[in-house]
Every structure is written in structure tokens, then in C-alpha cells.
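# Descriptive structure summary
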Amino acid sequence: MPADDRSTPHHSPFDELVTQTPRSRVAQLHANRERLITAPTPLERLDRLRDALGGGPRIWIKRDDLTGFALGGNKARKLEYLVAQARQEGADTLITVGAAQSNHARQTAAAAAKAGLGSTLVVRVPQGASVEYRTSGNVLLDRLFGAELVLVDETDADPHPERATADQVAARLREEGRRPFLIPSGGSTAIGALGYVNAYAELAQQAADARVEFSQIVVASGSGGTQAGILAGRALLAGASPGIRGVAVAPGAAELAEDIAVLTRDTLALFGEAATVDVELDPDHVGEAYGALTDDGVEALDLFARTEGILLDPVYTAKAAAALLASIRSGAIDADADVLFWHTGGTPALFAHATALTERSTR
């Protein structure tokens, strides 16, 4: 059943897109979405950060770290629609996968708790992970939200053991008489991407109210659903600009770009639309691996914190911010432009990397 009146209401220009197809599946999912977030999230200018860089383009930030649910983050926008889909399919348990410190897993557990559903998180633990990584940050929150945690260790032979394990867990739950609904990593499906079609429409209204035109949006891209939703939102609002620049946070950027293009097309198809999709994905700030700290990421993390009081996370947003700072410093972005950094959240992961961050920040 849909969320009750105690859920936080929010409205965006996305509603106008939905009214154009009142009998569509999108309209049904939108009407019955699980009300999780507080929106619109703030749009702010980062003038102290700009000053610290010695000038350059005007830097803005979209604060989806302040979505207000389960310590914030972008995944809650997707989960509003994914929980609605799970309800439509009669599910009683959400299953999802990711890394042990997955922000998506944390928000899935919280969304399940709020919706009165069970949750099972099948998450991988990297080789050599510390006790800190295995128990703090998002893992601690997963347990507080009541999730069943299934931790599986990465190996050289199988860097993603969570995928096969999730299928086994789903089979076990069905044998127990449960009705599981499997959400892929990051909630990156066409239904999940609706959350960022909605978010792009929200941003477009904010930008119009502020009388600002962004030349570029910079956003971290892991499983691709956020970037795909933003691209679909831009297409649906008949815009060719701003440029949407994803920043890859894991190896395999070429394959991810292809996945984002397909996912964008699938999302547009929900609205009966089709469009050519050009995906810009920066592969240069990944570092050694997914989740590995980078020097320029830590520098960006420190700079945002010390100039603006804004916390990034080392896995996603710090790497995307490093890409933005590199472009500004190199002069690749026009000095008279307005550029937007889309903060996708992830703050709890800071605590799982506390020792390494402390060592790097105090060098």
C-alpha cells in the first residue's frame, strides 16, 4: 500500500511530466512512491571554495547529501520508486548487493524498515579489509536498521561474489515462503532512475528561480543510475545543456558508459520517448580500485570541509570533486561559467576509512 500521510510530502516539476501520461506506469509509480526524502534539496554557491582556488568559474552544489533520510544520499530518491515497484509485485523483503560500505545498501535497509518490509543485504568485503571497515560506518547502520547482513569475501578469482550469493539468498527466502524483490547494485534500473529524472526537474526549477544557467554538471558515477536519470531528465525537458559529466569511481569506465547509455534509453522509454544518448564519463580519478583512497580525492575532501563545512566521502564524491577541481585549475572550464557539483552523499563511509584518512590528512 502507498505511504501514509505521515510521510514527508514533496513536489517538483516532475509532476508536470507525469501528468502528460496519466495512465502510464510512471504515473502509477509516482503516485504510490514511498515518501522518503525531504525535497527540494538545497542549491548553494560555494564562494569560499572558489576563493581558495584563486577564482575561476562560479561553483554551485546540489545537496543530495541532505535528502534527509537515513543520513541522506542519492539512493533514497531511487528507492522511492523501487519500493513502489516492490509493493506492486507483492514483495515482502528487499534484497540488494554492493560493497560492505555501500551507501545504497544502508538506504535500502532504512527504506525497508520504513515500509514495513524485511531486508537482506549481500555485500562483499575486500581482501585485507580492516575490522574498522567490517564493523563501522554503513555496516553499523545496516544492523541498526534491522537488515540481515550476508558478508562475502572478495577473491582474486571472484571480485564480485555477492552477485551469485544474492541469487542463492533469494532462492532460500522463497523456500521459506517469503517474496523477495532483488534490487541491483545502486538501484540502477530504469524505475530507479526515475528518482533522478525527478531530481533533474527539481534542479531545473531551482536554476530558473536563481536565474543561473549551468555550463556543466559534475556527478560521481558508480553503477550509473544517477547519471542516467539526469540525462533522461535533460532530454525530457528538451535541453541540450548543461553538459552532464560523470566521474567514474571504479575501473571499467568504457563498459559503464555503455550501460549508462542503455539505461538512459530504457528510462526514456517509460515516457514513450527515444533519444540519442551521448555519455561523458571521466575515467581518470578512480585510483587503484573501487573504494581505494586517492591523494587528489583526499585533498578535495579536505578542501570542501575546510572552506565550506561540507563533508564528502572518499569513495564517490571526493573523486568527483577532485575531477571538478582539476578542470578548474587547468582552465578547462570557462572562468565566467557556472558549474554544478551534484553531491550524492555517502558521509557514513568516512568512519570506515578513519585511520587512512587521518594518516593522509596529517601528512
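Conventions used here
Residue numbers here run from 1 along each chain, matching the order of that chain's written sequence. Totals for whole chains, interfaces and linings use every residue, but because this is a predicted model, local features are given only for residues with pLDDT of at least 70 and side-chain atom pairs only at 80 or more, for both listing and counting. Side-chain calculation: all heavy atoms of the structure are included, whereas hydrogens and water are not. By the convention used here, strands pair only if DSSP detects at least 2 bridges between them. Per the convention used, a helix needs a DSSP run of H or I reaching at least four residues, while a strand needs a run of E reaching at least two, with both numbered from the N terminus. Between the N-to-C directions of two axes lies an angle of 0 to 180 degrees, each axis being a line fitted to C-alpha atoms and, for a helix, fitted only over the stretch in contact. A pairing counts as a salt bridge when a side-chain nitrogen of Lys or Arg comes within 4 Å of a carboxyl oxygen of Asp or Glu. Note on exposure labels: buried denotes an accessible area under 20% of the residue type's maximum, exposed denotes more than 50%, and partly exposed covers the range between, all computed with a 1.4 Å probe on protein chains only. Here the expected length of a helix is defined as 1.5 Å per residue gap, with one fewer gap than residues. pLDDT: the predictor's confidence for each residue, scored from 0 to 100. By the convention used here, residues are in contact when the closest approach between their heavy atoms is within 4.5 Å. Note on ring pairs: Phe, Tyr and Trp rings are taken, using the six-membered ring of Trp, and paired if centres are within 6.5 Å. Classes follow the plane angle, with under 30 degrees stacked, over 60 edge-to-face and the rest tilted. A ring has a charge above it when a Lys NZ or an Arg CZ is no more than 6 Å from the ring centre and no more than 35 degrees off the ring normal.

Attention shifts here to the sheet that holds strand S7 (residues 216-221). Across the sheet, which stays open at both edges, the six strands sit in the order S1-S2-S10-S7-S8-S9 with mixed pairing between neighbours. If you trace the sheet from one side to the other, it starts and ends with strand S1 (43-45) and strand S9 (280-282), each paired once. For this sheet, the mean inter-axis angle between neighbouring strands, taken without regard to orientation, is 30°. Relative to strand S10 (residues 338-343), strand S2 (residues 58-63) runs parallel, the two sharing six bridges. When the bridges of S10 are listed, isoleucine 59 appears paired with valine 339.

Turning next to the pattern of salt bridges. Pairing between side chains of opposite charge can happen when the charged atoms of each approach one another. Summed over all chains, the structure comprises 19 salt bridges. Put simply, aspartate 64 and arginine 77 hold a salt bridge, and the shortest N to O gap is 2.9 Å. Within this pair, whereas aspartate 64 is found in the loop between S2 and helix H4 (75-88), its partner arginine 77 is found in helix H4, the two being separated by 13 residues in sequence. Arginine 77 shares its class with aspartate 64; the two are buried. Look at arginine 77 and you get buried, because its relative accessible area is 2%. Salt bridges here are not isolated pairs; linked through shared partners, they connect Lys62, Asp64, Arg77 and Glu202.

With that settled, the discussion passes to helix H9 (residues 190-210). Its 21 residues place the ends of H9 30 Å apart at the C-alpha level, agreeing with the 30 Å of an ideal helix rising 1.5 Å per residue. For H9, the buried fraction is high: 16 of the 21 residues fall into the buried class. Looking at the residues trailing H9, positive phi occurs at arginine 211, about 55°.

A word on the confidence of the model for the protein. The predicted model of the protein has a mean per-residue pLDDT of 93, with 95% of residues at 70 or higher. This model gives residues 1-9 a pLDDT under 50, and the stretch forms 11 contacts once residues within four places in sequence are excluded.

Glancing now at the sheet that holds strand S3 (residues 93-99). In space, the four strands of this open sheet follow the order S5-S4-S3-S6, with parallel pairing throughout. Each edge of the open sheet is held by one strand with a lone partner, namely strand S5 (148-153) and strand S6 (180-183). Neighbour to neighbour, the strand axes of the sheet diverge by 20° on average, direction disregarded. Bridge count for S3 against S6 is four bridges, and the pairing is parallel. Bridge pairing in S6 links threonine 93 to proline 180.

The next point concerns the packing of aromatic side chains. Inspection of the entire model under this criterion finds six aromatic pairs. Considering the side-chain rings of phenylalanine 14 and phenylalanine 271, the 6.1 Å spacing of their centres and the 80° angle between planes classify their relative orientation as edge-to-face. Note that phenylalanine 14 is positioned in helix H1 (residues 14-19) and phenylalanine 271 in the loop between helix H11 (253-269) and S9, a separation of 257 residues in sequence. With respect to class, phenylalanine 14 is no different from phenylalanine 271; both count as buried. For the ring pair phenylalanine 304 and phenylalanine 341, a centre distance of 5.5 Å and an interplane angle of 55° mean the geometry is tilted. Of this pair, phenylalanine 304 sits in helix H12 (residues 295-308) while phenylalanine 341 sits in strand S10, and the two are 37 residues apart along the sequence. Each member of the pair phenylalanine 304 and phenylalanine 341 is classed as buried. Through successive ring pairs, a cluster of aromatic residues spans Phe14, Tyr81 and Phe271. Residue placement shows arginine 77 over the ring face of tyrosine 196; its charged tip is 5.7 Å from the ring centre.

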